[in-house]
Protein chains: 6
Amino acid sequence: MITPIIFIFSLLLSSSHAAVQDFCVADLSLPESPAGYACKKPAAVTVTDFVFSGLGIAGNTSNIIKAAVTPAFATQFPGVNGLGISLARLDLAVGGVVPFHTHPGGSEVLLVVQGTLCAGFVSSANTVYIKTLKKGDIMVFPQGLLHFQINSGGSQALAFVSFSSATPGLQILDYVLFANNLPTEVIAATTFLDAAQIKKLKGALGGTG
Amino acid sequence: MITPIIFIFSLLLSSSHAAVQDFCVADLSLPESPAGYACKKPAAVTVTDFVFSGLGIAGNTSNIIKAAVTPAFATQFPGVNGLGISLARLDLAVGGVVPFHTHPGGSEVLLVVQGTLCAGFVSSANTVYIKTLKKGDIMVFPQGLLHFQINSGGSQALAFVSFSSATPGLQILDYVLFANNLPTEVIAATTFLDAAQIKKLKGALGGTG
Amino acid sequence: MITPIIFIFSLLLSSSHAAVQDFCVADLSLPESPAGYACKKPAAVTVTDFVFSGLGIAGNTSNIIKAAVTPAFATQFPGVNGLGISLARLDLAVGGVVPFHTHPGGSEVLLVVQGTLCAGFVSSANTVYIKTLKKGDIMVFPQGLLHFQINSGGSQALAFVSFSSATPGLQILDYVLFANNLPTEVIAATTFLDAAQIKKLKGALGGTG
Amino acid sequence: MITPIIFIFSLLLSSSHAAVQDFCVADLSLPESPAGYACKKPAAVTVTDFVFSGLGIAGNTSNIIKAAVTPAFATQFPGVNGLGISLARLDLAVGGVVPFHTHPGGSEVLLVVQGTLCAGFVSSANTVYIKTLKKGDIMVFPQGLLHFQINSGGSQALAFVSFSSATPGLQILDYVLFANNLPTEVIAATTFLDAAQIKKLKGALGGTG
Amino acid sequence: MITPIIFIFSLLLSSSHAAVQDFCVADLSLPESPAGYACKKPAAVTVTDFVFSGLGIAGNTSNIIKAAVTPAFATQFPGVNGLGISLARLDLAVGGVVPFHTHPGGSEVLLVVQGTLCAGFVSSANTVYIKTLKKGDIMVFPQGLLHFQINSGGSQALAFVSFSSATPGLQILDYVLFANNLPTEVIAATTFLDAAQIKKLKGALGGTG
Amino acid sequence: MITPIIFIFSLLLSSSHAAVQDFCVADLSLPESPAGYACKKPAAVTVTDFVFSGLGIAGNTSNIIKAAVTPAFATQFPGVNGLGISLARLDLAVGGVVPFHTHPGGSEVLLVVQGTLCAGFVSSANTVYIKTLKKGDIMVFPQGLLHFQINSGGSQALAFVSFSSATPGLQILDYVLFANNLPTEVIAATTFLDAAQIKKLKGALGGTG
């Protein structure tokens, strides 16, 4: 008969500092470090920290781009903090567009779950990679490159995107140019766009200056 | 009037060594390095390298686990090589199970697209994190930890998993123990399983020794 | 004659923020980050932070596995925090075994100092790598793969293991399966083990459910 | 008297595989890996591999942006391959501009050596960080974020930029939008720019479609 | 007419936890982590955090080495914290020398802005790489290797150095040997230098023991 | 009764490109990359690639330093390539010394197996950390810092060192200064050592110039 094993690994398993860095669930109330959010104490971690239900709800596409992005980054989904991975949901109504943007902190893989998308990115060598994607197709967008997605089908589209970072960031080109206080003359000088064009889009997107 | 810009960045853009490491599409015919497969020459890269359609096809679940895993790792999907990300598709028929396994090289996020799954993992501190997941739910499994997924609903389930590595690896516990030539006495000594149990499962899984 | 050098590097050397990240001795009382424990203030660091004597003491092998693991991870040995390295001591009495386990966070090199060990690991491709090791032999176990060590000689064995992480973690297969509250039916479904076998080992190892 | 030391480290120092990864000078003729170019054989490496004189020559600013960028990335300066660092030279004539661009692979620090620059970047949170820089000032542009530099003084300006990557990449916004074959309707849909504006700039920058 | 876009990315952009890890400006008052200083709250960050003017001022070379090093590491220039890059200024009067030293944490690229320098490093294979550098030349010193710079021209020299780390560290050989309390007999035993030589330089550099 | 499982993971397990990056055993005949040696084809890998017996043999201490270092880096022990770990053996006869040196590529942990050592390192802040170590003691030397070991007992000493890199490198101070062709005047200028002292040690260590 086998008798209960004496807990030989007790130093490891019973330690009050049990966090052996399997994971680091984000505690948003503490100061951040360059590697991500600080860790919640292991004793306070529960399975709900590792599960997120927010991507099950369709985003509101009643807007000018007829699209919605719902992130599950470390800020929304603390369980991925420090693990180099995160997700987001894309809803695109008919005619919907996710405008040109970059993720400064990570690469992205797009998975089409419903509908048809036209997606593309441009490389540092200025080559355009563009493709029409159907349900079940996946496409990768390497880190930091400008890319876009367009609902090119006749029906609602649904996609999920994965990132190689828990905090990939999101920089939307139109927001950078037309939705903040960057002066029109600076934009004109650094993009060659006409001032009238800039002012028109600043008006639409809420930019000042 | 604006006249055509002289290509001031010509050194960068016209270089015959244009690969500025935006990406490194895998060339499976060349020797690998610790960082992944060697890169296809940039001039030979096309958009099809960045797109994969293999996850659009349901895996065959007519097997004893009533489940199928279809990977889109760098080996199958060369565009993700070196980018720290990859995907896979999980099909689980009614009663289907993805048995206990680990990914030695990366963390995983599971996304339920159809059906209901019961998923769980165990930490180094031997805490069990287990949860029933519905359509739209996501769950993260930190790198290297043993985890499993069970179709706990009454219908076919479909899920997609993302990894924080282009080559996360996959080590299925039952395969490690019962589907190779590891001698029964070694397995018995290192797992405390009874020899009869080991032999029964070796028979089922094709193990020898 | 040489006169004393004026301290030209004074900005660096006299800074009250002198920690130029040569090291980051763990302060276990502060919140952790994904990169490890927070750093003790440089002024409070002494040479004893960089020295650990706990591996000089033989572990207690009077237990069912006739073996003991004594870790010198960042939790026990704060000087290695953030440096990507740590050690542990293995004592194996005659017949002693370190059961199947993984280190989710790092690779391991085993060094046999006394006795004879039979050690092995299994790859993602399900190949078994197994070898009898004598005094002075070293063997590497790549990150995250299931591996074991058995005292295969007729005398006490002593080994030291090094890790490529300050917090490699330790997941012992038998603990995952039989020493927590994971329900028997879940274990049966995800391992194909018989319920009787599972209950027998739960009894021996203290598992419930 | 001291007699010559017998070369006790001979295994290390006399090895025919002497490359102990101090450096990896790029051999551009071999296949690349995700971590950079392959290494030149150590025996063929000379000091000239670690020195580059190309940044000593002013770039030609007789172009529409009145500016020139001269890179010393791993492709031009093989000695930095694998070391996570590279440089470039910026020449800006009066009125010169380095238009909005990103470096997908690394952060940048700008050093003004002559003249006055107005430089800025926009964060993921859409905050604008903009500043006039004088001789001796340095400014950091975090990885992957859109940024620009303008000669805002009345004289020629000279600056050097350093990167946290040997191959940081360079994606110039105007090139992405107006200097390739991305169709006008796609650009319009993904930027909200007017078709007339797009066509005007395609004309100036050589774009087609 | 375009109407204002509804802010579809509001979850990201309006979050009170807006820090999506574009950057992590150092807050020197908080505990450090192995990855660097803790981050200042995003709301408190201004453009001045990303700009540093300290390198515009010549260092004081009225000292025995006739040289001065002015660092812009994360401690002095908080904006580079976590970004893997930093700078420093070197001033060398006629006959000035930056003595043999290493940067334990990063590689260095030297840029000569004025004058002529003789610079060199030694590899692990004990090969000497030495070169006379003129204005505009750059030279790379791989991580952790001993190197030096000498003003070999007849006039004041000015150079800037970039590092592949925000906290590269600086270990000056003469300081290690002769400017602390390391006992003379230990130095003699570990360097083969004569005791008289050691004591002479201890006297000059302020060493004790 | 259980029938044999159909191999559902066949795509992964039967792939001709089975290398899922669990490991990358060095093939020294192929070009290196910045991340290490190229990988041997998985089919050619055997357990002997993961085992090394060279550290079981005492080094020859019949030399002026009465010490010997036997490395098990990736060059000698191909199984550790790419895994961020390696070992070495130190033999020190009575009076033996491992002179001041650095490892540019990794941190080190020293384990004393026999005898008594006096070991020390100096930080960037020029603080000396020195300690007498007995059998079983371990001490960590952070990456890139100058350190030494002295046999301070009355008997032969034996130690093993672990590194956080498969190719940590080794730069011995005396070799850098006195065992190559670095000119005496350059050494004098960059170390403040007297020419006579330099010439004496060049004579002993084989240096020229």
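Going by an unreviewed UniProt entry, chain A carries the name Germin-like protein and comes from Juglans regia. We quote the UniProt Subcellular location (unreviewed entry) comment for chain A here in full: "Secreted, Extracellular space, Apoplast".

Residues and elements named next belong to chain E. Taken together, the buried positions of helix α3 (residues 184-191) are occupied by Thr184, Val186, Ile187, Thr190 and Thr191. The buried residues of α3 occupy an angular sector of 160 degrees when the element is viewed end-on, so they sit on one face. Where α3 terminates, the next one or two residues include phenylalanine 192, which has phi positive at roughly 70 degrees.

Turning our eyes to something else, we now look at the sheet that holds strand β11 (residues 171-172) of chain B. Residues and elements named next belong to chain B. Sheet architecture is open: five strands sit in the order β7-β6-β9-β4-β11, paired in antiparallel fashion. A strand with exactly one partner marks an edge of an open sheet, and here the two such strands are β7 (128-133) and β11. The sheet contact formed by strand β6 (residues 117-122) and strand β9 (residues 147-151) spans five bridges and is antiparallel. Pairing of cysteine 118 across the sheet is with isoleucine 150, part of β9.

With that settled, consider the packing of helix α3 (residues 184-191) of chain C against helix α4 (residues 195-205) of chain C. All names here are of chain C. Two elements in contact, α3 and α4, have axes whose closest approach is 9 Å; the angle formed by their N-to-C orientations is 125 degrees. In terms of axis orientation, α3 runs oblique to α4. Judged by the sense of rotation from one axis to the other, the crossing of α3 with α4 is right-handed. The segment α3 lies against α4, with Thr184, Ile187 and Ala188 engaging Ala195, Ile198, Lys199 and Lys202.

Left apart from each other, chain C and chain D have a closest C-alpha approach of 18 Å. Structurally, chain B and chain E remain out of contact, their C-alpha atoms never closer than 18 Å.

This part takes up the relation of the copies chain A and chain B. Between chain A and chain B, which share one sequence, the superposing operator has a rotation angle of 180 degrees and an axial displacement of 0.0 Å; the RMSD is 0.0 Å. Taken together, the rotation and translation relating the two chain copies correspond to the operation of a two-fold axis. Rotation axis and chain A: the residue whose C-alpha lies nearest the axis is Ser164(A), separated from it by 2.8 Å. Of all interface residues in chain A, 100% are interface residues in chain B too; the two copies therefore contact each other through one and the same surface.

Domain annotation of chain A identifies domain 1 (60-169) and domain 2 (175-205). In this structure, domain 1 of chain A and domain 2 of chain A have C-alpha centres spaced 25 Å apart.

This brings us to the UniProt feature "domain: Cupin type-1" (unreviewed entry) in chain A. As annotated in UniProt, the feature "domain: Cupin type-1" (unreviewed entry) corresponds to residues 53-199 of chain A in the numbering used here. Counting secondary structure, residues 53-199 of chain A comes out at 13% helix and 38% strand; the distance between its end C-alpha atoms is 40 Å.

To continue, consider the nonpolar core. Counting 426 residues, the largest nonpolar core has Leu110(A), Leu110(B), Leu110(C), Leu110(D), Leu110(E) and Leu110(F) as its most contacted members. Sequence-distant contacts of Leu110(F), defined by excluding residues within four places in its chain, comprise Leu90(F), Leu117(F), Ala119(F), Leu133(F), Asp137(F), Ile138(F), Met139(F), Phe141(F), Gln149(F), Ala159(F), Phe160(F) and Val161(F).

With that settled, the discussion passes to the packing of aromatic side chains. One pass over the full model with this rule turns up 54 aromatic pairs over all chains. When the ring of Tyr129(A) is compared with that of Phe23(B), the centres are 5.9 Å apart and the planes differ by 90 degrees; the resulting orientation is edge-to-face. Of this pair, Tyr129(A) sits in strand β7 (residues 128-133) while Phe23(B) sits in the loop between α1 (10-13) and β1 (51-52), on two different chains. Take Tyr129(A): its relative accessible area is 5%, and that puts it in the buried class. Since its relative accessible area comes to 15%, Phe23(B) is described here as buried. When the centroid spacing of 5.7 Å and the interplanar angle of 25 degrees are considered together, the rings of Phe52(B) and Phe77(B) count as stacked. Linking Phe52(B) in strand β1 with Phe77(B) in the loop between β2 (67-72) and β3 (86-92), this pair joins segments that are 25 residues apart in sequence. Taking the relative accessible area as the measure of exposure, Phe52(B) reaches 16% and is therefore buried. One aromatic cluster is present, built from ring pairs that chain together Phe23(A), Phe50(A), Phe121(B), Tyr129(B) and Phe141(B).

Attention shifts here to the pairing of β7(A). Here six bridges tie strand β6 (residues 117-122) of chain A to β7(A), and the two strands are oriented antiparallel to one another. Looking at the pairing, Gly120(A) lines up with Ile130(A) of β7(A).

Moving on, we get to α4(C). Each α-helix winds once per 3.6 residues, and so residues spaced three or four apart point in a common direction. Residue and element names in this part refer to chain C. For α4, every residue scored as buried is listed here: Gln197, Ile198, Leu201, Lys202, Ala204 and Leu205. Looking down the long axis of α4, one finds its buried residues gathered within 160 degrees of arc, a one-sided arrangement. Residues of α4 that are exposed and point more than 90 degrees away from the buried face comprise Ala196, Lys199 and Gly203.

Along the chain, Asn181(A) falls in the loop between α2 (173-178) and α3 (184-191). In the structure, Asn181(A) is positioned 104 residues away from Phe77(A) in sequence and 31 Å away in space, judged by C-alpha atoms. In contact with Asn181(A), not counting residues within four places along its chain, are Lys202(A), Thr208(A), Gly209(A) and Val128(D).

Attention now moves to unusual backbone geometry. Positive phi is not limited to glycine here, since Lys66(E) has a value of about 55 degrees. For Lys66(E), the location among the structural elements is in the loop between β1 (51-52) and β2 (67-72). For Asn126(F), which is not glycine, the phi dihedral falls at a positive 65 degrees. On the secondary structure map, Asn126(F) appears in the loop between β6 (117-122) and β7 (128-133).

Thresholds, definitions, all that
By convention here, each chain's residues receive numbers from 1 onward along its written sequence. Labels are handed out in written order, letters beginning with A for the chains and numbers beginning with 1 for the ligands. Residue-level local features of this predicted model are given only where pLDDT is at least 70; pairs of side-chain atoms are given and counted only at 80 or more, and the full residue set underlies all totals for whole chains, interfaces and linings. Neither water nor hydrogens contribute to the side-chain values; these are computed over all heavy atoms in the structure. UniProt positions are given in the numbering used here, feature names are shortened, and annotations may be inferred rather than shown by experiment. Burial status follows relative accessibility: with a 1.4 Å probe on protein chains alone, a residue under 20% of its type maximum counts as buried, one over 50% as exposed, and anything between as partly exposed. Helix numbering and strand numbering both begin at the N terminus, where a helix is a DSSP run of H or I of at least 4 residues and a strand a DSSP run of E of at least 2. Note that the arc is computed from the directions linking the helix axis to the C-beta atoms. Pairing between two strands requires that DSSP report at least two bridges joining them. Here an angle of 0 to 180 degrees is reported between the N-to-C directions of two axes, which are lines fitted to C-alpha atoms, with helices fitted over the stretch in contact. Here roughly perpendicular refers to angles of 65 to 115 degrees, roughly parallel to angles under 35, roughly antiparallel to angles over 145, and oblique to all remaining angles. In a left-handed crossing the near helix is turned counterclockwise from the far helix by less than a right angle, and in a right-handed crossing that turn is clockwise. In this analysis, two residues are considered to be in contact whenever any of their non-hydrogen atoms come within 4.5 Å of each other. Here the copies are matched by least squares. The fit uses the C-alpha atoms of residues with pLDDT of at least 70 in both. Domains are outlined according to an automatic or database domain assignment. Nonpolar cores are built from buried Ala, Val, Leu, Ile, Met, Phe, Trp, Tyr and Cys residues. Side-chain atoms within 4.5 Å join them into one set. Between the rings of Phe, Tyr and Trp (Trp by its six-membered ring), a pair exists once the centres lie within 6.5 Å; its type follows the angle of the planes, with under 30 degrees stacked, over 60 edge-to-face, and the other angles tilted.

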